[in-house]
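An overview of the molecular structure
Okay, here's what each chain looks like letter by letter:
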2 protein chains.
Amino acid sequence: MLREVQDEMLCLPGAGASLLEISHRDKLFVEILHDAQNTLRSLLGISDDYSVMFMQGGATLQFSAIAANLLRGTGKRAEYLLTGSWGKKAINEAKKEGDAVAIFDAKESNYDHLPTSADYSVSDDAAYLYYCSNETIQGVQFQDEPECPESVPLVSDASSDFLCRPLDVQKYGMLYACAQKNAGPAGVTAVVMRKDLIEKADASVPGYLYYKNHHDNDSEWNTPPTFAIYVLGKVARWLRDEIGGLEAMEKINREKSGSLYKIIDESGGFYRGHARPECRSLMNVTFNLPSDELTAKFISEAATHRLAALKGHRSVGGIRASIYNAMPREGVETLGQFMTDFLSRNG
Amino acid sequence: MLREVQDEMLCLPGAGASLLEISHRDKLFVEILHDAQNTLRSLLGISDDYSVMFMQGGATLQFSAIAANLLRGTGKRAEYLLTGSWGKKAINEAKKEGDAVAIFDAKESNYDHLPTSADYSVSDDAAYLYYCSNETIQGVQFQDEPECPESVPLVSDASSDFLCRPLDVQKYGMLYACAQKNAGPAGVTAVVMRKDLIEKADASVPGYLYYKNHHDNDSEWNTPPTFAIYVLGKVARWLRDEIGGLEAMEKINREKSGSLYKIIDESGGFYRGHARPECRSLMNVTFNLPSDELTAKFISEAATHRLAALKGHRSVGGIRASIYNAMPREGVETLGQFMTDFLSRNG
């Protein structure tokens, strides 16, 4: 895919110029934009009831935009399930726009688990129910959508597990994903939103945060991030045409993460998973070693096998192996072999 | 420059991976980010009193962010000079945040000119004075900064003429430019802002719009648009090291635009410039022909000479030749020859 980007860098087929040189209004770019939207629609089975928009500003901008569009001025309460670091950031931005409350917060156990439906209750008249489907730092991932009354739009930050498996979009009012984990380069966020919700927002919202502007102008209200959309479209096509769709991608992701969790579970307690088994993430495998010294040794020895970026976030410690879609099976196998070997030498 | 981007697409020197694959926290990307900042600092002579930030969301997001940071909650009035389409969009967003008024508006003459200092008066306690240094649709460009009391921060949308000539940054409270005209690809906006102004904003501002977040975290508060920053840095280096700096770039731009304005002025009224001569833009040459039929004929014949995107915006009509930094002299010469030839056949 990167090779294709490279081949087309100086001259986009049909354009006689680089994508970086043509206008976002150029017919060729508009085709690229529509192709990216349509490939996402076919991958995820997104119906016409939903808009597919491409925005800038990452998940962080969505934290504010969601509350500005769906909470501001409604007199309602937005309800949040806090299962890790990203959810906490989201609610902090929402509080600037109105009444936002955590109806579940796993902080007591350092975000090692997710709620069951018995752990929380959503108000029938909530502005929306918000959750983050995969928390990268803690390595916890919802297996299914949380329970939510039909009257309440379900909103999901799917940034770190978008396109890792099939998704039932009809269950959502809105979901979004900044692209840089599974879907493309930094600089573009895919937003999938029910059209009736887009219409409900107050026009006082700052223009760039007002979804209606993006929807009504088919993501060309202002200049979109053309290159990032172009690459996202190629990634989506690769998933559909090379991998064979999201079921096939999920199977690969289950194999990859499963092989690492198996090593953890069979290590006799040497490796201790951070997430409870039923909440384990397909994308971020988090675990601790018996001591800080062994953790440091693990990281430095791993580096000599070209295994990089394994240090866990300071709030969880230990190791975090991020194995997004683009991580090949071979990379995970190398890590697994290293883990087994390290255990045999230090266990 | 594009060839360099192409060469490095699969493997960024020193990384063993593509820039599209490495983390924004990777030392190599942080170096790219700092290099882009420092090259802008050296090109424009930006002092340490100013922060150089890279943001997403284009000029449109800045329209809101400026008012949210510098107007919201101050009880002051923001004052705008409206000299074309972009200024009008900016004030409309500012009005959502507080009291924003146009102290000059050239709409009566369809935005064909700029104010002299006799045409407006800035309040000593204004929140800021806002203007757009180059209006792309109308083709009017300020030759110097507008007069502004020292007590009032001068704010400029420099999106379409950034890096086209030297700029005295010390005169500004803040200036910004989305990159896609002169500075790089769509998806990144360079923001140059006096540090004391950054500190003054109210923390209730949506997080992504709150400059302090970006400044305090050196443009890595959230994931920045890595590829766009990388290309922007290369463009800035090209300007400094290949072109020889902004004085040299201005000279080229004066030659390029001057050659077209000369043809307009010597056409005996066949070509009529939209902008008054003293307000003419180095970047966007706007002119009308004697009839809509001749305009249509001009555009269609020009296309056969590979001269594209010449149609003026509907609000001005006629022709708009956008000749940003990246447009080579040869392209402008081809257009000039075509204009002369078209005049001799139709004048």
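All of these numbers come straight from a predicted model, not from anything done at the bench.

Scanning chain A from N- to C-terminus turns up 10 helices and 12 strands. For chain A, whose C-alpha radius of gyration is 21 Å, the value lies close to the compact-globule estimate of 20 Å for 347 residues. Taking the principal axes of the C-alpha coordinates as reference, chain A spans close to 60 × 55 × 30 Å. Residues counted as buried form 60% of the 347 residues belonging to chain A.

Moving on, we come to the relation of the copies chain B and chain A. Expressed as a screw transformation, the operator carrying chain B onto chain A has a rotation angle of 180° and an axial translation of 0.0 Å, and the superposed copies differ by an RMSD of 0.0 Å. What we have between these two chains is a two-fold relation.

It is worth spelling out empty space enclosed by the protein at this point. Overall, the coordinates contain 6 cavities of 30 Å³ or more when judged by the stated rule. By volume, the largest cavity amounts to about 90 Å³. At the level of secondary structure, the elements contributing two or more residues to the lining of the largest cavity comprise helix 7 (226-243) of chain A together with helix 7 (226-243) of chain B. Of all the elements, helix 7 of chain B adds the most residues to the lining of the largest cavity, at 3 residues.

Where interface size is quoted, it is often the accessible area lost as the parts come together. Residues and elements named next belong to chain A. You can read the domains of chain A as domain 1 (2-243) and domain 2 (246-346). Each of domain 1 and domain 2 has a C-alpha centre, and these two points are 28 Å apart. On the domain 2 side, the residues contacting the 29 residues of domain 1 number 26 residues. Applying the counting rule to domain 1 against domain 2 returns 1 salt bridge. Among the ionic pairs, D112 bridges to R276, the shortest N-O distance being 3.5 Å. The interface formed by domain 1 and domain 2 holds 15 residue pairs in polar contact (both at pLDDT 80 or more) in total. Of all the secondary structure elements, the ones that give two or more residues to the side of domain 1 that touches domain 2 are helix 2 (27-44), strand 5 (134-135), strand 6 (140-141) and helix 7. Ranked by residues supplied to the side of domain 1 that touches domain 2, first place goes to helix 7 with 3 residues. Considered class by class, the residues forming the side of domain 1 that touches domain 2 number 13 nonpolar, 11 polar and 5 charged.

Turning next to the interface of chain B and chain A. Contacts between the two partners involve 40 residues from chain B, matched on the other side by 40 residues from chain A. For the pairing of chain B and chain A, the buried interface totals around 3000 Å² over both sides, and the portion due to carbon and sulfur atoms is 64%. Our count for the contact surface shared by chain B and chain A stands at 0 salt bridges. Linking chain B with chain A are 15 residue pairs in polar contact (both at pLDDT 80 or more). Elements with a contribution of two residues or more to the side of chain B that touches chain A: helix 1 (2-7), helix 3 (58-70) and helix 7 of chain B. Here the side of chain B that touches chain A takes 5 residues from helix 1 of chain B, the largest share from any one element. Here the residues of the side of chain B that touches chain A are counted per class, giving 18 nonpolar, 15 polar and 7 charged.

Rules used in this analysis
- Residues numbered from 1 in each chain as written.
- Chains lettered and ligands numbered in written order.
- Predicted model: local features only at pLDDT ≥ 70, side-chain atom pairs only at ≥ 80, totals over all residues.
- Heavy atoms only, no water.
- Helix = DSSP H or I, 4+ residues; strand = E, 2+ residues; numbered from the N terminus.
- Rg over C-alpha atoms; globule rule 2.2 N^0.38 Å.
- Buried < 20%, exposed > 50% of the residue type's maximum accessible area, 1.4 Å probe, protein only.
- Least-squares fit on C-alpha atoms with pLDDT ≥ 70 in both.
- 1 Å grid on protein atoms, 1.4 Å probe; cavity = no way out; pocket = protein on both sides within 12 Å on 5 of 7 lines; lining within 4 Å.
- Points joined across faces, edges and corners; volume = space filled by probe spheres on them.
- Domains from an automatic or database assignment.
- Contact = heavy atoms within 4.5 Å.
- Salt bridge = Lys/Arg side-chain N within 4 Å of Asp/Glu carboxyl O.
- Polar contact = N/O pair within 3.5 Å; in protein donor to acceptor, adjacent residues only side chain to side chain.
- Nonpolar A, V, L, I, M, F, W, Y, C, P; charged D, E, K, R; others polar.
- Buried area = accessible area lost by both parts, 1.4 Å probe.

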